[in-house]
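Chain residues, written in single-letter form:
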Amino acid sequence: MTSQPATEPRSQLKSLSSTLRRLHKTLVDLETTRFGDPGNAFEHLQLLTSHPQFAWLRQISEVLVDIDERLDDKEQPVDGAAVENVRKTLVSLLSAENSGEFRQKYLDALQASTEVATAHGELRNRLTQLAPAS
């Protein structure tokens, strides 16, 4: 059994997903703390999927779902283009040009939490590693 090299697109997408998942969890934890006791796990899930206070986080959730679907697709192999598409989506979402609600709440979270700032740095580093050579 041979392991796949870290530069293989599937491995890159898995690594990016893992890094993004850590950031997402950190943001969910921060927003949940701000919201207050969400109750049980089912009630917490309901808040995450339907409460307006958590709506801005759904953009990251959607990217994670897209990555998972791509990784699970047995008919279409993960290629460099798939990795690049996800990278571009995340760079656009996190960019200063994104002036929507997500950007404002994300900047607030970065300033409010060292954990969010650390997870953000890890994601930015990962995105930089995946950037195509110029």
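A brief report on the enclosed structure follows. (Residues numbered from 1 in each chain as written. Predicted model: local features only at pLDDT ≥ 70, side-chain atom pairs only at ≥ 80, totals over all residues. Heavy atoms only, no water.)

Notes on helix α6 (residues 114–130)
Spanning 17 residues, α6 covers 24 Å between terminal C-alpha atoms, matching the ideal 24 Å at 1.5 Å per step. Each element contacted by the buried residues of α6 is listed here: α1 (9–35), α4 (80–94) and α5 (101–112). (Helix = DSSP H or I, 4+ residues; strand = E, 2+ residues; numbered from the N terminus. Expected span 1.5 Å × (residues − 1). Contact = heavy atoms within 4.5 Å.)

So, the nonpolar core
Judged by nonpolar contacts, the single largest core of 32 residues is most densely connected at Leu20, Leu23, Leu27, Leu90, Tyr106 and Leu123. Of all elements in the fold, only α1, α3 (58–72), α4, α5 and α6 reach the threshold of two or more residues within this core. Of all the elements, α1 adds the most residues to this core, at seven residues. With residues up to four places along the chain from it excluded, the contact list for Leu23 reads Tyr106, Val116, Ala119, His120 and Leu123. (Core = buried A, V, L, I, M, F, W, Y, C linked by side-chain atoms within 4.5 Å. Buried < 20%, exposed > 50% of the residue type's maximum accessible area, 1.4 Å probe, protein only.)

Brief notes about the packing of α1 against α6
Two quantities define a packed helix pair, namely the angle between the axes and the distance from one axis to the other. Closest axis-to-axis distance for the α1/α6 pair is 9 Å, and the angle between their directions is 160°. Compared by their axis directions, α1 and α6 come out roughly antiparallel. Crossing angle aside, the handedness with which α1 passes α6 is left-handed. Between α1 and α6, the contacting residues are Gln12, Ser15, Leu16, Thr19, Leu20, Arg22, Leu23, Thr26, Leu27 and Leu30 on the first element and Glu115, Val116, Ala119, His120, Glu122, Leu123, Arg126, Leu127 and Leu130 on the second. (Axes fitted to C-alpha atoms, helices over the stretch in contact; angles between N-to-C directions. Parallel < 35°, antiparallel > 145°, perpendicular 65-115°, else oblique. Left-handed = near helix turned anticlockwise from the far one by under 90°.)

Observations regarding the packing of aromatic side chains
Following the criterion strictly, the structure yields three aromatic pairs and no others. Centre to centre, the rings of Trp56 and Phe102 are 5.6 Å apart; their planes meet at 55°, and the pair counts as tilted. Of this pair, Trp56 sits in the loop between α2 (41–50) and α3 while Phe102 is found in helix α5, placing the two residues 46 residues apart along the sequence. Pair check on accessibility: Trp56 and Phe102 agree, each one buried. Its relative accessible area of 2% is what places Phe102 among the buried residues. Each residue in the set Trp56, Phe102 and Tyr106 is aromatic and connected to the rest through ring pairs, giving one cluster. (Phe/Tyr/Trp six-rings, centres within 6.5 Å; stacked < 30°, edge-to-face > 60°.)

Things to note about the packing of α1 against α3
Close contact between α1 and α3 brings their axes to 10 Å; oriented N to C, the two are set at 155°. Here α3 runs roughly antiparallel to α1, going by the angle between their axes. For the pair α1 and α3, the sense of crossing is left-handed. For the pair α1 and α3, the contacting residues are Arg10, Leu13, Lys14, Ser17, Leu20, Arg21, His24 and Leu27 in the first and Ile60, Ser61, Val63, Leu64, Ile67, Asp68, Arg70 and Leu71 in the second. For the contact of α1 with α3, a count of residues per class yields eight nonpolar, three polar and five charged. (Nonpolar A, V, L, I, M, F, W, Y, C, P; charged D, E, K, R; others polar.)

Notes on the environment of Leu23
Along the chain, Leu23 turns up in helix α1. Residue classification places Leu23 among the buried positions, given a relative accessible area of 0%. Considered as a pair, Leu23 and Glu115 are 92 residues apart in the sequence and their alpha carbons are 8.6 Å apart.

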